[in-house]
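Secondary and tertiary structure notes
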Amino acid sequence: MARILLEKDRHTVIEAGDGQRGVELYESADPDVVLLDLGMPVMDGLEACRRMRLIPKNVPPPVLMMTAYTDGPAVEQAFEAGATDFVAKPAQWTVLRQRITHLARMRQAEKRVAELRRVEQVQHYAAELESEASTLVGDDPTFEPIRRLVRVAAASDATVLITGETGTGKNVVAKAIHYAAESRRRSFLSVNCAAIPETLIEAELFGVARGAYTGAVNPRKGIFELADGGTLFLDEIGEMPLALQSKLLGVLEDRTIKRVGGEESRTVNVRVIAATNVPPEEAVKQGKLRRDLYYRLNVIHIHLLPLRERTGDIPALCQHFARTLAPNRRVIFPDSELAALQAYDFPGNVRELRNIVERCLLLQRDETLRPSALLGKPSNTTISEPRPESAATPLNGPIPTMEEVERRHITETYARLGGNQTRTAQTLGLSLSTLKRRLKEFGLEGSG
């Protein structure tokens, strides 16, 4: 009778003829409420409840115990066994219905709370990983003023302009500011102004209103709205079209944006950090950067020296990259190797050094790494693994070229991630367009 009434209330009911079967069904299912009778064949309700409580569940469901004995000892035993509530037999339908409905809602609420906590933990872990990736590394005396300016910038909401040659770590400094600030748990979004076609960049930044153009059936948020409450890093700001620079200046002044084709102004609270690898004064003279925008961005100016002018950072950077890229591998950089790196001019700056360390970790399997063997060499150069000095026999088998190593590394990662191009690109540190081009060369296709 109870089953019929519960199903009329749109509950899905799973019945068990005895306590043992009930435990088996509980293990394989995820019920919102368990209704047990104290007196059942094979295994009574108390024992069934005890065994159910030993079965791990992310959110254990409440157990409603039905018993004809409502005296103190019976109720106490039910609660000791793990029951959440009890109801006296014979139970009136209105009472039973009320208890089951209440317990089911309680369980659903607990599941939502658990899911929110899980998402929060994942986001917190992701933020910690991102924060670690933004660690400022450097022992050179010239790097200390950078640290001080990062602390000053993190303590305010002022706009920041970061300058320096390509590969000096402007993105890392921007992230360091974001994650040291109080808003570090909110979003950090990055846009390379040189990588987006001029015809699309306005829509990417400010969004699109419904009906703005043919095919714009649904409105779309822009990056400013997506970054609301967080930080927006505009890299290569000097490559932004001048007309759009004027709109950006307006956003910085009044903190409002309008979607393309829209009339409604939307307030956004975004901390803007901009960067350029061209001296901004020179860009202003060349007419590539608006003077008024330059002054508005240049509230806090952080200039990163090229690696050749802060060679004291190289040993610490090598160790940092090795720990990041191969956390479970112990490696040594001999003093002679570090001296060779410090004598090199590094046209690609910190990015080139990271590339060299990564290639060393792939190609050199010894504990002692010799990055000097890769200085100035293109990534497809054939590099043989160094032999221990005591080895008298040549290496067995052909030595793979760098191109072969790269192909194997990309295809294996791609396969491990189930053919997902986006996740593969993120894992490998490649742009999605670069990965797609390489996969096309390999004759592979997959999900986005």
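Residues numbered from 1 in each chain as written. Predicted model: local features only at pLDDT ≥ 70, side-chain atom pairs only at ≥ 80, totals over all residues. Heavy atoms only, no water.

1. Let's talk about the overall build of the chain
A tally of regular secondary structure across the chain gives 18 helices and 10 strands. Counting only contacts in the chain whose residues sit at least 6 apart along the sequence, the fraction spanning at least 24 positions is 66%. Of the roughly 25200 Å² of accessible surface on the chain, 50% is carried by carbon and sulfur atoms. (Helix = DSSP H or I, 4+ residues; strand = E, 2+ residues; numbered from the N terminus. Contact = heavy atoms within 4.5 Å. Areas by Shrake-Rupley, 256 points an atom, 1.4 Å probe, with all protein chains shown as cover.)

2. Some words on the layout of surface pockets
Estimated volume of the second largest pocket: approximately 940 Å³. Lining the second largest pocket are 30 residues; nearest its centre among them are V13, I14, V33, V34 and L35. Only α1 (2-8), α2 (19-28), β1 (34-37) and α5 (93-133) provide two or more residues apiece to the lining of the second largest pocket. Residues of the lining of the second largest pocket, tallied by class, amount to 20 nonpolar, 4 polar and 6 charged. (1 Å grid on protein atoms, 1.4 Å probe; cavity = no way out; pocket = protein on both sides within 12 Å on 5 of 7 lines; lining within 4 Å. Points joined across faces, edges and corners; volume = space filled by probe spheres on them. Nonpolar A, V, L, I, M, F, W, Y, C, P; charged D, E, K, R; others polar.)

3. As for helix α7 (residues 170-180)
With 8 of 11 residues buried, α7 is to be regarded as a mostly interior element. Burial in α7 covers these residues: K170, V173, A174, K175, A176, I177, H178 and Y179. (Buried < 20%, exposed > 50% of the residue type's maximum accessible area, 1.4 Å probe, protein only.)

4. Considering the packing of helix α13 (residues 314-325) against helix α15 (residues 349-363)
At a minimum axis distance of 10 Å, the contact between α13 and α15 shows a crossing angle of 50°. Accordingly, the angle class assigned to the pair α13 and α15 is oblique. The handedness of the crossing between α13 and α15 is right-handed. Contacts between α13 and α15 pair I314, L317, C318, F321, A322 and L325 from the former with V350, L353, R354, V357, E358 and L361 from the latter. Looking at side-chain class alone, the contact of α13 with α15 contains 10 nonpolar, no polar and 2 charged residues. (Axes fitted to C-alpha atoms, helices over the stretch in contact; angles between N-to-C directions. Parallel < 35°, antiparallel > 145°, perpendicular 65-115°, else oblique. Left-handed = near helix turned anticlockwise from the far one by under 90°.)

5. Observations regarding the sheet that holds strand β2 (residues 63-67)
The 3 strands lie next to each other as β1-β2-β3, forming an open sheet whose pairing is parallel. Strands with a single pairing partner mark the edges of an open sheet, and in this sheet they are β1 and β3 (85-88). Strand after strand, the sheet turns through a mean of 25° between neighbouring axes, direction not considered. Note that β2 and β3 share 4 bridges and pair parallel. Bridged to M66 within β3 is V87. Across the sheet, helix α3 (residues 45-54) is in contact with β1 and β2; its angle to β1 comes to roughly 150°. (Pairing = 2+ DSSP bridges.)

6. Things to note about the confidence of the model for the chain
With 85% of its residues at a pLDDT of 70 or more, the chain has an overall mean of 82. Confidence drops under pLDDT 50 across residues 122-126; counting only partners more than four residues distant or on other chains, this segment forms 1 contact. Considering only residues more than four positions removed or in separate chains, one finds that residues 381-397, a stretch of pLDDT under 50, has 21 contacts. (pLDDT = per-residue confidence, 0-100.)

7. Details of helix α14 (residues 335-343)
All of the buried residues along α14 are E337, L338 and L341. Axial view of α14: buried residues confined to an arc of 100°, hence all on one face. Opposite the buried face of α14, by more than 90 degrees, sit the exposed residues D335, S336 and A343. Buried residues along α14 sit in contact with α13 and α15. (Arc of directions from axis to C-beta.)

8. Observations concerning the nonpolar core
In terms of nonpolar packing, the biggest core is built from 30 residues, with L205, F224, L232, L234, I237 and L248 touching the most fellow members. Contributing elements (two or more residues each) for this core: α8 (198-206), α9 (223-226), β6 (231-235), α10 (242-254), β9 (271-276), α11 (280-285) and α12 (291-297). Considering every element that reaches this core, the biggest residue donor is α10, with 5 residues. Apart from residues no more than four positions distant in its own chain, L234 is found in contact with V191, C193, L205, L248, V272, I273, A274 and A275. (Core = buried A, V, L, I, M, F, W, Y, C linked by side-chain atoms within 4.5 Å.)

9. Quick word on empty space enclosed by the protein
This model, assessed by the stated rule, comprises 1 cavity of 30 Å³ or more. For the largest cavity, the calculated volume is near 30 Å³. Residue lining of the largest cavity: L38, M65, T67, A74, V75, A78 and F86, and that is the complete set. Within the residue set of the lining of the largest cavity, elements represented by two or more residues are β2 and α4 (72-81). The leading source of residues in the lining of the largest cavity is α4, at 3 residues.

10. So, the pairing of β9
Counted residue by residue, β9 has 6 buried out of 6 residues, so it is predominantly covered. Here β9 shows no split at all, with R271, I273 and A275 on one side and V272, A274 and T276 on the other all buried. Taken together, the 4 bridges between strand β4 (residues 160-164) and β9 define a ladder with parallel strand orientation. Along β9, the bridge assignment pairs I162 with A275. With 4 bridges connecting them, β6 and β9 associate as parallel partners. Residue T231 lies in a different strand from β9, and its bridge partner there is R271.

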